[in-house]
Amino acid sequence: MKIIPVLDILNQTVVRGIAGQRDDYRPIQSRLTQSSQPLEVACALRDEFDFSEFYVADLDAILQGKLNLHLYDSLREAGFRFLLDCGLRCASDSTCLNSRPGISVVAGLETLSASHELGKLVQQWGAPQTVFSLDLKQGKPLVSHSPENEFALINDPLKIAELSIQQGIQQMILLDLAQVGTGQGTGTETLCRTLRSLHPELKLITGGGIRNRDDLTAQAESGADGVLVASALHDGRIGKEAVLSLS
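For the structure given in this document, a descriptive report is provided here.

About the criteria used
Residues numbered from 1 in each chain as written. Predicted model: local features only at pLDDT ≥ 70, side-chain atom pairs only at ≥ 80, totals over all residues. Heavy atoms only, no water. Helix = DSSP H or I, 4+ residues; strand = E, 2+ residues; numbered from the N terminus. Rg over C-alpha atoms; globule rule 2.2 N^0.38 Å. Contact = heavy atoms within 4.5 Å. Areas by Shrake-Rupley, 256 points an atom, 1.4 Å probe, with all protein chains shown as cover. Lys, Arg positive; Asp, Glu negative; His and termini not counted. Charge placed at Lys NZ, Arg CZ, Asp CG, Glu CD. Axes fitted to C-alpha atoms, helices over the stretch in contact; angles between N-to-C directions. Parallel < 35°, antiparallel > 145°, perpendicular 65-115°, else oblique. Left-handed = near helix turned anticlockwise from the far one by under 90°. Nonpolar A, V, L, I, M, F, W, Y, C, P; charged D, E, K, R; others polar. Salt bridge = Lys/Arg side-chain N within 4 Å of Asp/Glu carboxyl O. Buried < 20%, exposed > 50% of the residue type's maximum accessible area, 1.4 Å probe, protein only. Phe/Tyr/Trp six-rings, centres within 6.5 Å; stacked < 30°, edge-to-face > 60°. Core = buried A, V, L, I, M, F, W, Y, C linked by side-chain atoms within 4.5 Å. Pairing = 2+ DSSP bridges.

Helix and strand counts for the protein chain come out as 9 helices and 11 strands. Compactness check: the protein chain gives a C-alpha radius of gyration of 17 Å against a globular reference of 18 Å for 247 residues, within 12% of the reference. The dimensions of the protein chain, computed from C-alpha atoms along their principal axes, are 45 × 40 × 30 Å. Taking the contacts inside the protein chain whose residues are at least 6 apart along the sequence as the reference set, 67% of them involve residues at least 24 apart. For the protein chain, the computed accessible surface area is about 10600 Å², with 46% contributed by carbon and sulfur atoms. Computed over 22 positive and 30 negative side-chain charges, the inter-centroid distance for the protein chain is 1 Å.

The subject of this paragraph is the side chain of His199. Within the secondary structure, His199 is located in the loop between helix H6 (189-198) and strand E10 (203-207). Excluding anything up to four places from it in sequence, His199 contacts Glu162 and Ile165.

As a further point, take the packing of helix H5 (residues 157-166) against H6. A pair of packed helices can be characterised by two numbers: the angle between their axes and the separation between those axes. Remark: H5 packs on H6, axes separated minimally by 11 Å, with the N-to-C direction vectors making an angle of 40°. If you check the angle between H5 and H6, you find them oblique. Viewed along their axes, H5 and H6 form a crossing whose handedness is right-handed. Side by side, H5 and H6 meet where Pro157, Leu158, Ala161 and Glu162 of the first sit next to Leu191, Thr194, Leu195 and Leu198 of the second. Considering only residue class, the contact of H5 with H6 consists of 6 nonpolar, 1 polar and 1 charged.

Looking at the element boundaries, Ser99 is found in the loop between strand E5 (81-85) and strand E6 (103-108). Taking C-alpha positions, Ser99 is 15 Å from Leu83, a pair spaced 16 residues apart along the chain.

Turning our eyes to something else, we now look at the pattern of salt bridges. One pass over the full model with this rule turns up 9 salt bridges. Here Arg100 ties to Asp73 by a salt bridge, and the two come within 2.8 Å at their closest N and O atoms. Separated by 27 residues along the polypeptide, Arg100 in the loop between E5 and E6 and Asp73 in helix H3 (residues 69-77) bring together distant segments of the chain. In this structure Arg100 comes out as buried when scored by relative accessible area, which is 15%. We note a salt bridge from Lys120 to Glu117, for which the minimum N-O separation is 3.6 Å. One end of the pair is Lys120 and the other is Glu117, both in helix H4 (residues 115-125) and 3 residues apart, which spans about a single turn.

Turning our eyes to something else, we now look at the packing of aromatic side chains. A ring pair, where both rings are aromatic, is described by two values, the distance of the centres and the angle of the planes. Under the counting rule described, the total for this entry stands at 4 aromatic pairs. Aromatic side chains Phe132 and Phe151 sit 5.6 Å apart centroid to centroid with 15° between the ring planes, which places their arrangement in the stacked category. Of the two residues, Phe132 sits in strand E7 (residues 130-137) while Phe151 sits in the loop between strand E8 (140-141) and H5, which places them 19 residues apart along the sequence. Overall, the relative accessible area of 0% leaves Phe151 in the buried class.

Among the nonpolar cores identified, the biggest contains 62 residues, and Leu7, Leu134 and Met172 are the most heavily contacted of them. Contact partners of Leu7, with chain neighbours within four places excluded, come to Val14, Pro38, Val41, Ala42, Leu45, Phe54, Tyr55, Val56, Ala57 and Leu75. In this structure, Val6, Ala57, Leu83 and Val180 belong to the second largest nonpolar core, which totals 13 residues.

Looking now at the pairing of strand E9 (residues 171-176). Among the 6 residues in E9, 6 count as buried, and that is most of the element. Neither face of E9 is left uncovered, since the one carrying Gln171, Ile173 and Leu175 and the one carrying Met172, Leu174 and Asp176 both have all their residues buried. For E7 and E9, the ladder comprises 5 bridges, and the chain directions are parallel. Note on E9: the bridge partner recorded for Leu136 is Asp176. Two elements, E9 and E10, share 5 bridges in a ladder whose sense is parallel. Bridged to Met172 within E10 is Leu204.

Remember that the coordinates give geometry; whether it matters functionally is a separate question.
Written as structure tokens, this is what we have:
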């Protein structure tokens, strides 16, 4: 199982996400570094755990449409690869990323304007570099209500997952924003088990609310190939030994 550290970026600073309440996000406080600057936090996580791949949620882009391109470049130049959620609404929004190797694009249900845009992203980037994030809040799909968005007509997360697979998706993140930073587990275990049973070839990544090593083990037992983790790494609830033994 792959453990993927998270960098939530707001106002060009790494913040601690709590239950999707973005107005309450504050700069990260970490045992690993005194800094909340993205590159310094990434380097501290690499120094401690030997991480080279991250999940980057650019909240400046998601909320305001302001992509932190210089930040992406600084992370790439430092040798990092990352899954990037930058609030894509349509496939053409990712054009500025085409010349930036080391990035895999994340299409979030929260911002995607239509299901067919997901298919266009797969065509543009290829399935290995395109990830669909099935965004939930308290178990319910978190959807952009644009006029042409077929996703907005579906209330069942499993049916949304199936539609994304029809668009060519081979990698999927299951993320309930209400669980993020709470230390109360992901809440997506049942959905993960169901998708693993129906689609053994699908790469599944879960996250949000991870407390400790036992939670990581539980996600693996539910069928997850990877787990997004943030607070537990910075707080010391998940240490280097656990990361090495589970990776």
